[in-house]
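Now for the letters of each chain:
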Amino acid sequence: MLVSAQAAWQPEEVPDDIRRLYIDSNLVISEDPCDWRETVGNIFRPAVEHCNSPREAVLYIAANMTNLTGVYYSIERRRADMNALEALAEKKVSCSGQTILMVCAYRSLGIPARAVGIPTWNHIRGNHSWPEVYLDGEWHMIEFNEKDFNTGWVMENIGMLDPNDPNQRILAVHPAGTRDFPVYQKHRIPATDVTERYNKLAADWYAKYGPAPHEQRLMVELVPRPETEVLYLEMLDEEGNVMDTRPLPIKTDDVRKFAVFAMPRAGKHYLRLKGTTAKLEVPTTPNAVQVLRIQAGTGPKK
């Protein structure tokens with residue numbers, strides 16, 4: 001059941017094709033079909049009664065997804081593309097499950113929403129997906145439990161993509177699309193390429209929040225990741241002084257988690273496990289962000 005057009009948080013006008021594809025449709029990606037509208041709507045309609053605009057409603061829901069539903073990201077989820085009712089029942093979901101539930105939440109309010117994703121990142125394994133909402137004639141990227149559009153870690157990773165790699169293109173679900181949406185699926189989900197728009201968003205994000213011209217962001221992990229023991233990595237300057245110390249991710253951490261350092265571009269810098277004496281020189285690169293994978297006995301691995 002669609003909500004009243006008089007609601008302050010509902011868009012006043014939505015193009016017919018956008019409404020048909022991204023509000024009225026019950027399917028988001030490749031999840032099993034289910035009648036989710038009443039259950040999902042009963043959660044999210046009362047939650048946004050205090051909101052005075054569609055934008056306010058979108059951001060309130062995004063920031064409070066786990067608080068409102070109890071659903072959270074977990075590598076222990078039963079399947080990647082749970083439908084909204086499965087996600088609400090099982091609580092533990094993948095990024096695809098988060099995206100499906102969140103898109104359904106927005107559609108239950110009459111706000112157009114769709115899934116967007118990438119087959120693989122440049123520096124970490126696996127795909128990723130997130131929702132987009134249609135407001136004021138444009139699509140806007142938002143994520144589970146985030147407080148604003150254009151989530152920082154996604155923008156940073158987009159800025160590290162290889163535009164010549166077809167597996168590093170950003171795709172939005174669309175029935176007339178010529179690409180395949182990147183989820184585990186039994187059948188093809190058509191999608192359209194929206195990489196250029198996201199490249200512009202990432203460039204704007206780097207200009208505002210990226211490393212200063214005299215700095216580089218260094219992201220480090222140990223390969224293979226430790227099972228449970230948290231190890232600490234130190235950054236040293238040329239004289240051997242410790243500049244910063246960061247925990248390395250363990251096996252159960254999200255694949256996007258790294259030990260992250262702000263490293264000056266001038267001079268040589270080294271990495272050392274805390275409590276040891278052996279150190280590794282950090283390679284130089286002109287990139288704003290550098291990723292290193294340290295493998296025991298072999299030194300840094302790009």
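We now turn to the structure provided with this report. (Residues numbered from 1 in each chain as written. Predicted model: local features only at pLDDT ≥ 70, side-chain atom pairs only at ≥ 80, totals over all residues. Heavy atoms only, no water.)

As a further point, take the pairing of strand E9 (residues 215–223). A large share of E9 lies buried, amounting to seven of its nine residues. Examined bridge by bridge, E9 and strand E12 (residues 259–264) share six bridges and lie antiparallel to one another. Looking at E12, one finds that Leu218 is bridged to Phe261. Bridge analysis of E9 against strand E15 (residues 289–295) gives seven bridges, and the strand direction is parallel. Across the sheet, residue Met219 finds its bridge partner in E15, namely Val291. (Buried < 20%, exposed > 50% of the residue type's maximum accessible area, 1.4 Å probe, protein only. Helix = DSSP H or I, 4+ residues; strand = E, 2+ residues; numbered from the N terminus. Pairing = 2+ DSSP bridges.)

The sheet built from six strands is open, its strands ordered E5-E4-E3-E6-E8-E7 with antiparallel pairing. Each end of this open sheet is capped by a strand with a single partner; those strands are strand E5 (138–141) and strand E7 (179–180). In terms of strand pairing, strand E4 (residues 128–135) meets E5 through four bridges, oriented antiparallel. Among the inter-strand pairings, Val133 is bridged to a residue of E5, identified as His140.

This part covers the state of the cysteines. Per the stated rule, a full pass over the model turns up zero disulfides. Considering cysteine sulfurs only, Cys104 is the nearest to Cys95, which forms no disulfide, with 15 Å between them. For Cys95, a relative accessible area of 10% gives the class buried. Between Cys104, a free cysteine, and Cys34, which holds the nearest cysteine sulfur, the sulfur-to-sulfur gap is 6.8 Å. The class for Cys104 is buried, based on a relative accessible area of 0%. (Disulfide = S-S within 2.5 Å.)

For the rest of this paragraph, the subject is the packing of aromatic side chains. The full count for this structure, using the stated rule, is six aromatic pairs. A ring pair is formed by Trp205 and Tyr206, whose centres lie 5.3 Å apart and whose planes are at 85°; its orientation type is edge-to-face. Tyr206 sits in the buried class, given a relative accessible area of 18%. An aromatic cluster of at least three residues, connected via ring pairs, comprises Tyr22, Tyr134 and Trp139. One residue, Arg114, lies across the ring of Tyr22, its end atom 5.6 Å from the ring centre. Here the guanidinium or amino end of Arg225 rests over the ring plane of Phe258, the centre of that ring lying 5.9 Å away. (Phe/Tyr/Trp six-rings, centres within 6.5 Å; stacked < 30°, edge-to-face > 60°. Lys NZ or Arg CZ within 6 Å of the ring centre and 35° of its normal.)

Within a sheet, each strand pairs with its neighbour through backbone hydrogen bonds, oriented either parallel or antiparallel. What the four strands build is an open sheet, ordered E11-E10-E13-E14; its pairing is antiparallel. Of all strands in the sheet, those with a lone pairing partner are strand E11 (242–247) and strand E14 (280–281), marking the two edges. Bridging between strand E13 (residues 270–273) and E14 involves two bridges; their strand directions are antiparallel. Bridging from a neighbouring strand, Leu271 pairs with Leu280 of E14.

Here we take up the nonpolar core. Formed by 42 residues in total, the largest nonpolar core has its most connected members in Tyr106 and Val133. When contributions to this core are tallied by element, the ones reaching two or more residues are helix H2 (37–47), helix H3 (54–63), helix H5 (84–90), helix H6 (95–108), strand E3 (113–118), E4 and strand E6 (171–173). When residues in this core are grouped by element, the largest group, seven residues, is from H6. For Val133, the contacting residues outside a window of four places in its chain are Val58, Tyr106, Ile111, Pro112, Ala113, Glu138, Trp139, His140, Ile142 and Phe149. (Core = buried A, V, L, I, M, F, W, Y, C linked by side-chain atoms within 4.5 Å. Contact = heavy atoms within 4.5 Å.)

This next bit is on helix H8 (residues 195–209). Spanning 15 residues, H8 covers 20 Å between terminal C-alpha atoms, matching the ideal 21 Å at 1.5 Å per step. What H8 keeps buried is the set Thr195, Tyr198, Ala202, Trp205 and Tyr206. Buried residues of H8 fall within an arc of 100° about the axis and therefore sit on the same side. Residues of H8 that are exposed and angled more than 90 degrees away from the buried face: Glu196, Ala207 and Lys208. (Expected span 1.5 Å × (residues − 1). Arc of directions from axis to C-beta.)

Here we come to unusual backbone geometry. Of note, the amide linkage connecting Val223 to Pro224 takes the cis form, showing an omega dihedral of -5°. Inspection of the secondary structure assignment puts Pro224 in the loop between E9 and strand E10 (232–236). Although it is not a glycine, Asn145 adopts a positive phi angle of roughly 65°. Considering the arrangement of structural elements, one finds Asn145 in the loop between E5 and helix H7 (152–158). Classification of Asn145 as partly exposed rests on a relative accessible area of 36%. Non-glycine residue Asn150 carries a positive phi angle of around 60°. By the secondary structure assignment, Asn150 is in the loop between E5 and H7. For Asn150, a relative accessible area of 27% translates into the label partly exposed.

This is a description of form; function is not addressed.
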